Amino acid sequence: LLLLSYAGIAGLWVGAQVIDIPYVVNLMLLVTSILYAACHWSLTLREEQALARGESPPKEKDENGNDKESDDDDDEEEEEER
C-alpha cells in the first residue's frame, strides 16, 4: 500500500500536467497519498527511536486484542522461579 501511495503521488504530479484532472479530486488524492506515506514513515521512525533509547518494542496483539505471549517471557519467568 505504501508503494501504491508513492506511485499515486508521482502519477498525480505528472498526470496533472498532461491530463485534465478535476481540482478537488487531484487535491484529495494527492493529500491522502502524502499523509499516508508520511504517517507510515513517522511510525517507523518512532519505533526506531524507541529501540535506540533502549525501550522494548510494543507487544503484538492477537485477533482478540490481547497481548501475545512471546517465548522470551517464558524464559524470564523460569529464571525468576529459580
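Before any of the text, the structure's been laid out above.
Residues numbered from 1 in each chain as written. Predicted model: local features only at pLDDT ≥ 70, side-chain atom pairs only at ≥ 80, totals over all residues. Heavy atoms only, no water.

**Q** Quick rundown of the overall build of the protein chain? Include the residues and the values.
**A** For the protein chain, the count of helices and strands is 3 helices and 0 strands. The linear arrangement of helices and strands in the protein chain, starting from the amino end, is α-α-α. For the protein chain, with 82 residues in total, the buried portion stands at 12%. Surface summary for the protein chain: the accessible area is close to 7,300 Å², and the carbon and sulfur share equals 58%. (Helix = DSSP H or I, 4+ residues; strand = E, 2+ residues; numbered from the N terminus. Buried < 20%, exposed > 50% of the residue type's maximum accessible area, 1.4 Å probe, protein only. Areas by Shrake-Rupley, 256 points an atom, 1.4 Å probe, with all protein chains shown as cover.)

**Q** An account of the packing of helix 1 (residues 2-18) against helix 2 (residues 23-52) is needed here, citing residue identities and associated values.
**A** In contact at an axis separation of 9 Å, helix 1 and helix 2 are set at 145° when each is read in the N-to-C sense. In this structure, helix 1 crosses over helix 2, and the sense of that crossing is left-handed. When helix 1 is examined against helix 2, the residues Leu2, Ser5, Tyr6, Ile9, Leu12 and Ala16 are found in contact with a partner set consisting of Asn26, Leu29, Leu30, Ser33, Ile34, Tyr36, Ala37, His40 and Trp41. Residues of the contact of helix 1 with helix 2, tallied by class, amount to 11 nonpolar, 4 polar and no charged. (Axes fitted to C-alpha atoms, helices over the stretch in contact; angles between N-to-C directions. Left-handed = near helix turned anticlockwise from the far one by under 90°. Contact = heavy atoms within 4.5 Å. Nonpolar A, V, L, I, M, F, W, Y, C, P; charged D, E, K, R; others polar.)

**Q** Now, about helix 2: what can you tell me, with residues and values included?
**A** In this model helix 2 runs 43 Å from its N-terminal to its C-terminal C-alpha over 30 residues, within 8% of the 44 Å that 1.5 Å per residue would give. On the buried face of helix 2, the contacting elements are helix 1. The positive-phi residue at the C-terminal boundary of helix 2 is Gly54, with phi of around 90°. (Expected span 1.5 Å × (residues − 1).)

**Q** How would you sum up the side chain of Ser5? Please name residues and give values.
**A** Positionally, Ser5 belongs in helix 1. You can call Ser5 buried: its relative accessible area is 5%. Residues in contact with Ser5, not counting those within four places in the same chain, are Ser33, Tyr36 and Ala37.

**Q** Describe a nonpolar patch on the surface, with residues and values.
**A** Taken together, Tyr23, Val24, Leu27, Met28, Val31 and Leu35 make up a surface patch of nonpolar side chains, about 630 Å² in accessible area. Within the fold, Met28 resides in helix 2. (Patch = residues over 30% accessible without salt bridge, like charges linked within 9 Å, V, L, I, M, F, W, Y side chains within 5 Å. Salt bridge = Lys/Arg side-chain N within 4 Å of Asp/Glu carboxyl O.)

**Q** Tell me about the environment of Leu27, and name the residues and values.
**A** For Leu27, the position within the fold is in helix 2. Distance from Leu27 to Leu12, taken between C-alpha atoms, is 9.2 Å for residues 15 residues apart in sequence.

**Q** Give me the lowdown on helix 1, citing residues and values where you can.
**A** When the terminal C-alpha atoms of helix 1 are compared, their 24 Å separation across 17 residues agrees well with the 24 Å that a helix rising 1.5 Å per residue should span. Within the sequence span of helix 1, burial applies to Leu2, Ser5, Ile9, Leu12 and Gly15. In the core, the buried residues of helix 1 are packed alongside helix 2.

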